[in-house]
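Tertiary structure, described
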Amino acid sequence: MITTLAGGVGAAKLLDGLSSIVPPEKLTIIVNTGDDCEFHGLHVSPDIDIIIYTLAGLVDEEKGWGIKNDTFNCLEMLKVYGHETWFKLGDRDLATHIHRTMMLRSGYRLSEVTKDICTRLGLKQRIIPMTDDYFATKIRTDNETMHFQEYLVRRSSVDVIREIVYDGSENAKPAPGVIESIMEAEIVIVCPSNPLVSIGTILAVKGVRQALRETKAKKIAVSPIIGGTVVKGPADKMMRYLGIEVSALGVAKLYADFLDVFVMDEVDASLVHDVEKLGIKAVTTNTLMKTKDDRVRLAKFVLDTALTYRKA
Ligand code: FO1
């Protein structure tokens, strides 16, 4: 069994590669829900949807989120009615949020709704939200505290960050299957996602970090930082503002208490020695995933490395 910790676009690409080589029933994907937000009365789970749409072949590949060839008629009409439309929800995408919200209002948990959406879209991988409980990632600046989507999308990540707030983390319990899938896995893969607001949120859910320390699984992570910058998203800016070294080494330090193996890009080969001083085996390869072949090649590399290191 392979269990993965995942954020949005970067994770979805690696998971797409993994899905080409791992039977779906052997793959569990634990997904960040700190980005979840309510828009127009609907519960939107961006990272869950990015992963589901990617694995179902529905995603808008250019943007990495949303559904390909979607239209935005509903949003245009909402704008006529004076509603804010900075978060671009396509017409077909809206159907997912309507379905999710209806099920949640009928009393189903987010994990049950996610399973239902996966089944209806023909996915056999086990996709689990990190928690069924309220959990919202918020960004504190000098003047205000705002939801992560407001910081990321509405304000294009321009603000100076003072603190990341994991609102709800004190009460949020892991969703059914989260701890079990970590404890029972042979390999746990930490996807190349934002270490603070995608993976950091999952690690902030009660018991997850402890499970990662205790599991007998081989734990391997792929760095989202390549040569000091990020492929997509604000991870580098966020790390800088919070005084964390913006490098693969900075990411490795955040995972050092549980990680066995760290996969970095070839351009970061000079950091191998420093990562290994943390007690983590460091390996390098080309980690950019521009094509489907890149996704499959990196997924194979991660699996082979985890298995090789197990035998050593
Ligand atoms: N990202 C944007 O930059 N702009 C958007 O308008 C936007 C809409 C959106 C709608 C549905 C969805 O599932 C994701 C969407 N995203 C959008 C992506 C999302 O904000 C982030 O990339 C993730 O939360 C981070 O993983």
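Residues numbered from 1 in each chain as written. Predicted model: local features only at pLDDT ≥ 70, side-chain atom pairs only at ≥ 80, totals over all residues. Heavy atoms only, no water.

Structural notes on the site of the ligand
Neighbouring the ligand are 13 residues; D35, D47, F87, K88 and Q149 lie closest to it. D35 places a side-chain nitrogen or oxygen 2.7 Å from an oxygen atom of the ligand. Contacts to the ligand include D47, whose side-chain N or O atom sits 2.6 Å from an oxygen atom. Isolated, the ligand exposes 540 Å² of accessible area, and the fraction of that covered by the protein chains is 86%. Of all the elements, helix α6 (residues 148-154) adds the most residues to the shell around the ligand, at three residues. Per-class residue counts for the shell around the ligand are seven nonpolar, two polar and four charged. (Near = heavy atom within 4 Å. Polar contact = N/O pair within 3.5 Å; in protein donor to acceptor, adjacent residues only side chain to side chain. Areas by Shrake-Rupley, 256 points an atom, 1.4 Å probe, with all protein chains shown as cover. Helix = DSSP H or I, 4+ residues; strand = E, 2+ residues; numbered from the N terminus. Nonpolar A, V, L, I, M, F, W, Y, C, P; charged D, E, K, R; others polar.)

Describing helix α11 (residues 248-255)
Judged by how many residues are buried, α11 sits mostly within the fold: six of eight residues are covered. Burial in α11 covers these residues: A248, L249, G250, V251, A252 and Y255. Near the N-terminus of α11, the side chain that reaches the backbone nitrogen of L249, with its oxygen 3.1 Å away, is that of S247. (Buried < 20%, exposed > 50% of the residue type's maximum accessible area, 1.4 Å probe, protein only.)

Comments concerning the packing of helix α2 (residues 46-55) against helix α4 (residues 91-105)
The interhelical angle for the contact between α2 and α4, taken along N-to-C directions, is 120°, at an axis separation of 12 Å. In this view, α2 runs oblique relative to α4, as classed from their interaxial angle. Considering the relative orientation of α2 and α4, their crossing is right-handed. Judged by residue contacts, I48, D49 and Y53 of α2 engage D93, T96, H97 and R100 from α4. Partitioned by chemical class, the residues of the contact of α2 with α4 number two nonpolar, two polar and three charged. (Axes fitted to C-alpha atoms, helices over the stretch in contact; angles between N-to-C directions. Parallel < 35°, antiparallel > 145°, perpendicular 65-115°, else oblique. Left-handed = near helix turned anticlockwise from the far one by under 90°. Contact = heavy atoms within 4.5 Å.)

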